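Chain by chain, the residues run as shown.
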Amino acid sequence: FARIFLQVCLYFYCKCLWRCLKFVVRKLTGQCELQRICYNTKPGAARTMKIEASLKGSKSKRLQTSVNVHPDAIEKTIDDIMELKRINPDINPQLGVSLQACLLQIVGYRNLIAEVEKLRREPYDSENPQHEEMLLKLWKCLKPNSPLKARISKQWCEIGFQGDDPKTDFRGMGLLGLYNLVYFAEWDTEIAQQVLTDSLHPKYREVTKKELSQLSKAEWEKKKFDKAIGYSFAIVGINITDLAYNLLVSGALKTHFYNVAPEAPTLTHFQQTFCYLMHEFHKFWIDEDPLDIMEFNRVREKFYKRILRQLQNPEMALCPHFAASESLINM
């Protein structure tokens, strides 16, 4: 009880001390916290995340709710913030521009989560012509020289589905999994086809002397006869969709999106990120050289942690290396 009481007292003491410190700094600099952030932090994730934290942590309800407004109300919200903070927009014109860019990103990220969640919750419906059209497009993009003989066919296993009808494999991620796979296959066709080929016919990688010394006898006996392990392309794509979704809803992707999207991040940004993750996971899987497919969850978790570590850097932007995401690099 004493420890809890001490922690509560410390919390309120630090909170009051922080507010007093902010008051003193404002008096000394003549600038509020929002001004200091915008003027002293370059555009990107570092600035936007500081602005977001400042608004959410404000004692003013108007400032707290500013991160949840409709995109059409952002200009009015900026005016309210300037008025509340007693900032003359004619003297500080750049502040309004900077705040607007930050709010567009903050509100856009929230709306992107809602859009992605809606797709994830919508199940694949074989009676829906649009759903069926997208599924057939996926086949045509990945296997342009191999016509699909029937809608229900063993051929679907050739691109990594588990059975005759792919609709059952979309249960976990709904339409979101299909949207991502189609985007990858349509806009990064060459790389998607290469990843598919590698997943079906993985190349053997020589075991180095160092790796050999670390293998047990049983592991060596298995590796000696087995080639590198492949995987089911479509199933892994749905699994990486789940990984990208978790990065998004946890807020981890804010670093990336705030650095690459000058305004509101969109579904296209999310799909380009999926393409990047698919490409990087494929390389990671080959480097890990698992003993069998049963190691998938271990490799996936290790890959997920690596991406999380990268995104902890406020300067980080997941820079893709393929056509569909060149626009990210140029922004």
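What you see is a predicted model; the values in this text were computed from it and never measured.

Draft legend 1. Seen up close, the overall build of the protein. The secondary structure content of the protein amounts to 16 helices and 0 strands. Buried residues in the protein amount to 44% of all 331 residues. Element-wise, carbon and sulfur atoms account for 56% of the exposed surface of the protein, whose accessible area totals about 18,500 Å².

Draft legend 2. Fine view of the packing of aromatic side chains. One pass over the full model with this rule turns up 15 aromatic pairs. On the numbers, 6.0 Å between centres and 65° between planes, the contact of tyrosine 109 with tyrosine 258 is edge-to-face. Of this pair, tyrosine 109 sits in helix α6 (residues 93-121) while tyrosine 258 sits in helix α13 (residues 254-260), and the two are 149 residues apart along the sequence. For tyrosine 109, a relative accessible area of 3% corresponds to the buried category.

Draft legend 3. Focus on helix α15 (residues 296-311). Its 16 residues place the ends of α15 23 Å apart at the C-alpha level, agreeing with the 22 Å of an ideal helix rising 1.5 Å per residue. Residues Phe296, Val299, Arg300, Phe303, Tyr304, Ile307 and Leu311 constitute the buried set of α15. Seen from one end, α15 has its buried residues packed into an arc of 135°, which puts them on one side.

Draft legend 4. Spatial organisation of helix α12 (residues 233-249). Compared with an ideal rise of 1.5 Å per residue, which puts 17 residues at 24 Å, α12 spans 24 Å between its outermost C-alpha atoms and is within 8% of the ideal. When you tally the buried positions in α12, you get 12 out of 17 residues, the bulk of the element. Regarding α12, the residues found buried are Phe233, Ala234, Val236, Gly237, Ile238, Ile240, Thr241, Leu243, Ala244, Tyr245, Leu247 and Leu248.

Draft legend 5. Representation of the nonpolar core within the structure. Ranked by internal contacts, the top residues of the largest apolar core, which has 84 residues, are Ile51, Leu138, Leu178, Leu247, Phe270 and Leu277. Split by domain, this core shows at least three residues from each of two domains, domain 2 (31-121) and domain 3 (129-312). Beyond its immediate sequence surroundings of up to four residues, isoleucine 51 is in contact with Leu34, Ile37, Cys38, Leu99, Cys102 and Ile106.

Draft legend 6. Structural detail: the packing of helix α8 (residues 174-187) against α12. Put simply, α8 and α12 touch, their axes get as near as 9 Å, and they point 115° apart. Considering the angle they form, α8 stands roughly perpendicular to α12. Crossing handedness for the pair α8 and α12: right-handed. The segment α8 lies against α12, with Leu176, Gly177, Asn180, Leu181 and Phe184 engaging Phe233, Ala234, Gly237, Ile238 and Thr241. Here the residues of the contact of α8 with α12 are counted per class, giving 6 nonpolar, 4 polar and no charged.

Draft legend 7. Broad picture of the environment of threonine 65. Topologically, threonine 65 is positioned in the loop between α4 (61-64) and α5 (74-84). For threonine 65, a relative accessible area of 45% gives the class partly exposed. The spacing of threonine 65 and leucine 55 is 10 residues in sequence and 8.1 Å in space, taken between C-alpha atoms.

Draft legend 8. Structural view of the environment of cysteine 141. Summarising the element assignment, cysteine 141 is placed in helix α7 (residues 129-142). In this structure cysteine 141 comes out as buried when scored by relative accessible area, which is 17%. Taking C-alpha positions, cysteine 141 is 9.7 Å from aspartate 188, a pair spaced 47 residues apart along the chain. Once residues within four sequence positions are removed from consideration, cysteine 141 is found in contact with Ala185, Glu186, Thr189 and Gln193.

Rules behind the numbers
- Residues numbered from 1 in each chain as written.
- Predicted model: local features only at pLDDT ≥ 70, side-chain atom pairs only at ≥ 80, totals over all residues.
- Heavy atoms only, no water.
- Helix = DSSP H or I, 4+ residues; strand = E, 2+ residues; numbered from the N terminus.
- Buried < 20%, exposed > 50% of the residue type's maximum accessible area, 1.4 Å probe, protein only.
- Areas by Shrake-Rupley, 256 points an atom, 1.4 Å probe, with all protein chains shown as cover.
- Phe/Tyr/Trp six-rings, centres within 6.5 Å; stacked < 30°, edge-to-face > 60°.
- Expected span 1.5 Å × (residues − 1).
- Arc of directions from axis to C-beta.
- Core = buried A, V, L, I, M, F, W, Y, C linked by side-chain atoms within 4.5 Å.
- Domains from an automatic or database assignment.
- Contact = heavy atoms within 4.5 Å.
- Axes fitted to C-alpha atoms, helices over the stretch in contact; angles between N-to-C directions.
- Parallel < 35°, antiparallel > 145°, perpendicular 65-115°, else oblique.
- Left-handed = near helix turned anticlockwise from the far one by under 90°.
- Nonpolar A, V, L, I, M, F, W, Y, C, P; charged D, E, K, R; others polar.

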